[in-house]
Amino acid sequence: MLEDLKKKVFEANMQLVRYGLVVLTWGNASEIDRDSGLVVIKPSGVAYDCMKPDDMVVVDLNGNVVEGNLNPSSDTATHIELYRNFEGIGGIVHTHSSWACSWAQAGRDINAYGTTHADFANCAVPCARGLTEQEVNGQYERNTGKVIVEEFIKRNISAQECPAVLVHRHGPFAWGKDSMKAVENALILEEVAKMASRTERIAMADKNSNIGIEQYLLDKHYQRKHGKNAYYGQKN
């Protein structure tokens with residue numbers, strides 16, 4: 001079942017290792033087949049160097065295992081909540097990449113300081129509110145997804161405008177049209193987080209420093225790559 005998608009999701013998970021976005025068994029990637037409503041996701045706690053395409057687990061949008069001999073990722077319920085609410089996305093990645101995690105642990109948005117960020121998102125990458133004790137002790141993973149969705153609704157931004165989020169005290173989730181694009185966005189998020197950290201450190205040493213990208217420049221870079229009249233890249 002969904003053999004080609006299993007291979008693709010396996011490769012997306014392996015790219016997380018190649019890009020240095022995960023260590024040990026941390027992190028996961030998934031992709032949804034919208035026609036069937038089934039999700040292929042990494043198995044829980046399986047070392048990347050031991051993992052095979054056949055180890056990928058197929059679940060439905062209620063979290064039931066449809067195919068697979070291993071337990072799905074412990075973050076499966078978060079992925080499902082995002083797929084249910086962000087209909088335009090096809091793949092999701094969760095990592096514990098160090099720079100993005102540092103911002104999440106600090107409870108800070110990653111503000112837009114330059115055009116690299118603007119090419120990625122047309123707003124700050126939001127850090128969602130912290131989960132309450134009741135939410136943590138209840139359906140923790142599902143509630144994590146709910147808090148992410150709540151944050152995007154509250155800020156009136158779409159999953160297409162900003163393809164990533166920070167979960168307070170936890171780490172980043174990124175998404176895209178498929179699992180490969182989600183990996184790419186997770187990598188960009190890590191670089192943007194690193195740049196923002198260094199920008200703030202430099203600014204602290206120079207009291208005359210003026211950081212924060214101008215809105216017109218942010219808009220220009222975002223629109224030329226993602227807008228309806230985008231002209232970045234090749235047509236074919």
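Residues numbered from 1 in each chain as written. Predicted model: local features only at pLDDT ≥ 70, side-chain atom pairs only at ≥ 80, totals over all residues. Heavy atoms only, no water.

## Quick word on the overall build of the protein chain
Logical step 1: Looking only at helices and strands, one finds eight helices and seven strands in the protein chain.
Logical step 2: C-alpha extents for the protein chain along the principal axes are approximately 60 × 50 × 35 Å.
Logical step 3: Residues classed as buried in the protein chain amount to 47% of the 236 residues present.
Logical step 4: Once local pairs closer than 6 in sequence are excluded, the contacts in the protein chain between residues at least 24 apart make up 64%.
Logical step 5: Surface accessibility of the protein chain: about 12,100 Å² in total, with carbon and sulfur atoms responsible for 47%.
Logical step 6: Across the protein chain, 26 positive and 30 negative side-chain charges occur, with their mean positions spaced 5 Å apart. (Helix = DSSP H or I, 4+ residues; strand = E, 2+ residues; numbered from the N terminus. Buried < 20%, exposed > 50% of the residue type's maximum accessible area, 1.4 Å probe, protein only. Contact = heavy atoms within 4.5 Å. Areas by Shrake-Rupley, 256 points an atom, 1.4 Å probe, with all protein chains shown as cover. Lys, Arg positive; Asp, Glu negative; His and termini not counted. Charge placed at Lys NZ, Arg CZ, Asp CG, Glu CD.)

## Re a nonpolar patch on the surface
Logical step 1: A surface patch of nonpolar side chains, about 320 Å² in accessible area, is lined by Val23, Leu24 and Trp26.
Logical step 2: Structurally, the position occupied by Trp26 is in the loop between helix H1 (3–18) and strand S1 (28–33). (Patch = residues over 30% accessible without salt bridge, like charges linked within 9 Å, V, L, I, M, F, W, Y side chains within 5 Å. Salt bridge = Lys/Arg side-chain N within 4 Å of Asp/Glu carboxyl O.)

## What to know about the nonpolar core
Looking at soluble globular proteins, one finds that nonpolar side chains tend to be buried together.
Logical step 1: Of all hydrophobic cores here, the largest spans 57 residues; its most connected members are Leu82, Phe86, Ile110, Ile148 and Trp175.
Logical step 2: If one sorts the elements of this core by residue count, helix H7 (residues 179–205) sits on top with seven residues.
Logical step 3: Every residue in contact with Phe86, bar those within four places of it in the chain, is listed here: Arg34, Ile148, Val149, Phe152, Ala159 and Trp175. (Core = buried A, V, L, I, M, F, W, Y, C linked by side-chain atoms within 4.5 Å.)

## Considerations on the pattern of salt bridges
Logical step 1: Using the criterion set out here, one finds 16 salt bridges in the structure.
Logical step 2: Among the salt bridges present, the one from Asp55 reaches Lys52, with a minimum N-O distance of 3.5 Å.
Logical step 3: Residues participating in the shared-partner salt-bridge network are Asp109, Glu151, Lys154 and Arg155.

## With respect to the environment of Gly107
Logical step 1: Turning to its location among the elements, Gly107 is positioned in the loop between helix H3 (98–106) and helix H4 (115–120).
Logical step 2: The exposure class of Gly107 is partly exposed, given its relative accessible area of 31%.
Logical step 3: It is 5.3 Å that separates the C-alpha atoms of Gly107 and His168, two residues lying 61 residues apart in sequence.
Logical step 4: Discounting residues that sit within four places of it in the chain, Gly107 has contacts with Cys127, His168 and Arg169.

## Observations concerning the sheet that holds S1
Logical step 1: Spatial strand order, S4-S3-S2-S1-S5-S7-S6: seven strands in an open sheet with antiparallel pairing. Sheet topology places strand S4 (65–67) and strand S6 (164–167) at the edges, where each strand pairs with a single neighbour. With direction set aside, neighbouring strand axes in the sheet form an average angle of 25°.
Logical step 2: As judged from the two bridges shared by strand S3 (residues 57–60) and S4, these two strands associate in the antiparallel manner. When the bridges of S4 are listed, Val58 appears paired with Glu67.
Logical step 3: Sheet contacts for helix H2 (residues 76–85): S1, strand S2 (38–41), S3, strand S5 (91–94) and strand S7 (171–176); angle to S1, the most-contacted strand, approximately 40°.
Logical step 4: Against the sheet, H7 engages S1, S5, S6 and S7, with an angle of about 135° to S7. (Pairing = 2+ DSSP bridges. Axes fitted to C-alpha atoms, helices over the stretch in contact; angles between N-to-C directions.)

## Re the packing of H2 against helix H6 (residues 140–155)
Logical step 1: Two elements in contact, H2 and H6, have axes separated by 7 Å at closest approach and are oriented at 35°. For H2 against H6, the interelement crossing comes out right-handed. Here Ala77, Thr78, Glu81, Leu82 and Asn85 of H2 lie close against H6, whose contacting residues are Glu141, Arg142, Thr144, Gly145, Lys146, Ile148 and Val149.
Logical step 2: The residue inventory of the contact of H2 with H6, partitioned by class, reads four nonpolar, four polar and four charged. (Left-handed = near helix turned anticlockwise from the far one by under 90°. Nonpolar A, V, L, I, M, F, W, Y, C, P; charged D, E, K, R; others polar.)

## Comments concerning the environment of Gly227
Logical step 1: Within the secondary structure, Gly227 is located in the segment after helix H8 (215–226).
Logical step 2: Residue classification places Gly227 among the buried residues on the basis of a relative accessible area of 15%.
Logical step 3: Counting along the chain gives 66 residues from Gly227 to Glu161, while the straight-line C-alpha distance between them is 10.0 Å.

## Some points on the packing of aromatic side chains
Logical step 1: For the structure shown, the criterion picks out three aromatic pairs.
Logical step 2: With a centroid separation of 5.5 Å and an interplanar angle of 55°, the aromatic rings of Phe86 and Phe152 are classed as tilted. Pair noted here: Phe86 is in the loop between H2 and S5 and Phe152 is in helix H6, with a separation of 66 residues, a long-range link. Take Phe86 and Phe152: they sit in the same class, and that class is buried. (Phe/Tyr/Trp six-rings, centres within 6.5 Å; stacked < 30°, edge-to-face > 60°.)

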